[in-house]
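Chains, contacts and geometry: an overview
What follows is the residue order along each chain.
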Amino acid sequence: MTAPYVKQDIQNGIATIEFFHPAHNSLPGDILAKLASTITEAGENDAVKVIVLKSGGDRTFCAGASFKELININDAETGKVFFSGFANVINAMRKCPKFIIGRVQGKTVGGGVGVASATDYCMASKFASIKLSELNVGIGPFVVGPAVERKLGLTGMSQIAIDANSFYDAEWAKSKGLYTQVYDSTEELDEAVQAFAENLCNYNPEAMKEMKKIFWEGTEHWDTLLAERAIISGRLVLSDFTKETLKRFK
């Protein structure tokens, strides 16, 4: 079994950042921290003009946070730290001065939908259905909510947050503005992502940096907001309801 990793490959101005975990790319705290720091480093690297964010494996982009870690939370502080994992990744993506292209090759759940939403331009395969499953376990998509709402609008975000059992297909996600294009195969997706990234490298980095600032206007308070949201989730995960629900997953 392949060990979990975050790796970065820089070629011709394109930094490809790839994350992986054998449990359907569900991400524990250490991998989330590494992902956040890798994105920040790529943003500060003058050799990088554009970033491609992808995951390893075939049919799952990201299954959200690690259930194993979630089940073992026994106090509010641990809960806050746990839920801050995705908050830190989203904030690193938001503050990164380079455009981040998302390459979503498969299903994405919970925190994974937040990561896809925090990319600046997201391309997907037809297998890339999305689900916000947090309500299923007695919490809610509090941390990723602002990023998802920014892309899908309040109506779209509310719909998938309330309908926590359902996967919404890639075409639905495209119609709501999460994905820019949907491809029939991973091969076609990869070709399109590569061509798009190469094209972006021809543009003025200063212009792209200024554009990114404008696109993310009004989110300057997210460091505080997402930390507050992590506290809500951390509190709810300790509730009797959630503890009982999580027992079923042990």
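Residues numbered from 1 in each chain as written. Predicted model: local features only at pLDDT ≥ 70, side-chain atom pairs only at ≥ 80, totals over all residues. Heavy atoms only, no water.

- In the nomenclature of an unreviewed UniProt entry, the protein chain corresponds to Enoyl-CoA hydratase/isomerase family protein from the organism Pseudofulvibacter geojedonensis.
- Quoted verbatim from the Sequence similarities (unreviewed entry) field of the UniProt record, the comment on the protein chain reads "Belongs to the enoyl-CoA hydratase/isomerase family." (UniProt positions renumbered as here; feature names shortened; annotations may be inferred.)

Things to note about the pattern of salt bridges
- Counted under the stated rule, the structure contains 7 salt bridges.
- With a shortest N-O distance of 3.2 Å, Asp-223 and Arg-94 are connected by a salt bridge. Taken together, the positions of Asp-223 in helix H9 (residues 222-236) and Arg-94 in helix H3 (residues 76-95) put the pair 129 residues apart, joining distant regions of the chain.
- Of the residues examined, Arg-94 reaches a relative accessible area of 9% and is grouped as buried. (Salt bridge = Lys/Arg side-chain N within 4 Å of Asp/Glu carboxyl O. Helix = DSSP H or I, 4+ residues; strand = E, 2+ residues; numbered from the N terminus. Buried < 20%, exposed > 50% of the residue type's maximum accessible area, 1.4 Å probe, protein only.)

Brief notes about the pairing of strand S2 (residues 14-20)
- Within S2, 6 of the 7 residues are buried, which leaves the element mostly enclosed by the surrounding structure.
- Pairing of strand S1 (residues 5-11) with S2 involves 7 bridges; the strand directions are antiparallel. Bridge assignment links Tyr-5 to a residue of S2, and that residue is Phe-20.
- The antiparallel pairing of S1 with S2 creates a hairpin that spans 2 residues between the two strands, and Asn-12 there sits at a positive phi of about 50 degrees.
- Of the pairings in the sheet, the one linking S2 to strand S3 (residues 50-55) comprises 6 bridges and is parallel in character. Paired with Ile-17 across the bridge in S3 is Leu-53.
- Handedness of the crossover joining S2 and S3 through helix H1 (residues 29-44): right-handed. (Pairing = 2+ DSSP bridges. Right-handed = clockwise from strand over helix to strand, strands pointing away.)

Let's talk about helix H7 (residues 186-200)
- Here H7 contains 15 residues, and its C-alpha end-to-end distance of 21 Å stays within 8% of the 21 Å for a straight helix at 1.5 Å per residue.
- Burial in H7 covers these residues: Thr-186, Leu-189, Ala-192, Val-193, Ala-197 and Leu-200. Each buried residue of H7 sits inside an arc of 130 degrees when the element is viewed along its axis, so together they form one side. Turned more than 90 degrees off the buried face of H7, the exposed positions are Glu-187 and Glu-191.
- Turning to H7, the residues buried within the fold contact S2, S3, strand S5 (99-104), strand S7 (121-125), strand S9 (181-183) and helix H8 (205-215). (Expected span 1.5 Å × (residues − 1). Arc of directions from axis to C-beta. Contact = heavy atoms within 4.5 Å.)

So, the nonpolar core
- Ranked by internal contacts, the top residues of the largest apolar core, which has 63 residues, are Leu-35, Ile-39, Phe-83, Ile-130 and Tyr-179.
- Residue contacts for Ile-130: discarding those within four places in its chain leaves Thr-108, Val-113, Leu-152, Ile-160, Ser-166, Phe-167, Tyr-168, Trp-172, Ala-173, Leu-178 and Tyr-179.
- By size, the runner-up hydrophobic cluster in this structure holds 14 residues, among which are Val-52, Ile-101, Val-193 and Cys-201. (Core = buried A, V, L, I, M, F, W, Y, C linked by side-chain atoms within 4.5 Å.)

So, the environment of Glu-134
- Considering the arrangement of structural elements, one finds Glu-134 in the loop between strand S8 (130-131) and helix H5 (145-162).
- Note on Glu-134: relative accessible area 11%, which makes it buried.
- Distance from Glu-134 to Ala-161, taken between C-alpha atoms, is 7.5 Å for residues 27 residues apart in sequence.
- For Glu-134, the residues in contact, after removing those within four places along its chain, are Gly-110, Gly-111, Ile-139, Gly-140, Pro-141 and Val-144.

Digging into the packing of H3 against H9
- In contact at an axis separation of 8 Å, H3 and H9 are set at 150 degrees when each is read in the N-to-C sense. Considered as vectors, H3 and H9 are oriented roughly antiparallel to each other. Here the hand of the crossing between H3 and H9 comes out right-handed. In contact with Ala-76, Gly-79, Lys-80, Phe-83, Ser-84, Ala-87, Ile-90, Asn-91, Arg-94 and Lys-95 of H3, H9 contributes Trp-222, Asp-223, Leu-226, Ala-227, Ala-230, Ile-231, Ser-233 and Gly-234.
- The class makeup of the residues in the contact of H3 with H9 is 9 nonpolar, 5 polar and 4 charged. (Axes fitted to C-alpha atoms, helices over the stretch in contact; angles between N-to-C directions. Parallel < 35°, antiparallel > 145°, perpendicular 65-115°, else oblique. Left-handed = near helix turned anticlockwise from the far one by under 90°. Nonpolar A, V, L, I, M, F, W, Y, C, P; charged D, E, K, R; others polar.)

Examining a negative patch on the surface
- Taken together, the side chains of Asp-58, Asp-184, Glu-187, Glu-188 and Glu-191 define an acidic patch exposed on the protein surface.
- In this fold, Asp-184 is placed in the loop between S9 and H7. (Patch = residues over 30% accessible without salt bridge, like charges linked within 9 Å, V, L, I, M, F, W, Y side chains within 5 Å. Areas by Shrake-Rupley, 256 points an atom, 1.4 Å probe, with all protein chains shown as cover. Lys, Arg positive; Asp, Glu negative; His and termini not counted. Charge placed at Lys NZ, Arg CZ, Asp CG, Glu CD.)

Points about a nonpolar patch on the surface
- Together, Met-211, Ile-214 and Phe-215 make up a nonpolar patch on the protein surface, roughly 290 Å² of accessible area in all.
- With respect to the helices and strands, Phe-215 occurs in helix H8.

So, unusual backbone geometry
- Here Asn-12, not a glycine, exhibits a phi torsion of approximately 50 degrees, which is positive.
- Residue placement: Asn-12 occurs in the loop between S1 and S2.
- Non-glycine residue His-24 carries a positive phi angle of around 50 degrees.
- Here His-24 lies in the loop between S2 and H1.
- Under the relative-accessibility criterion, His-24 is labelled exposed at 57%.

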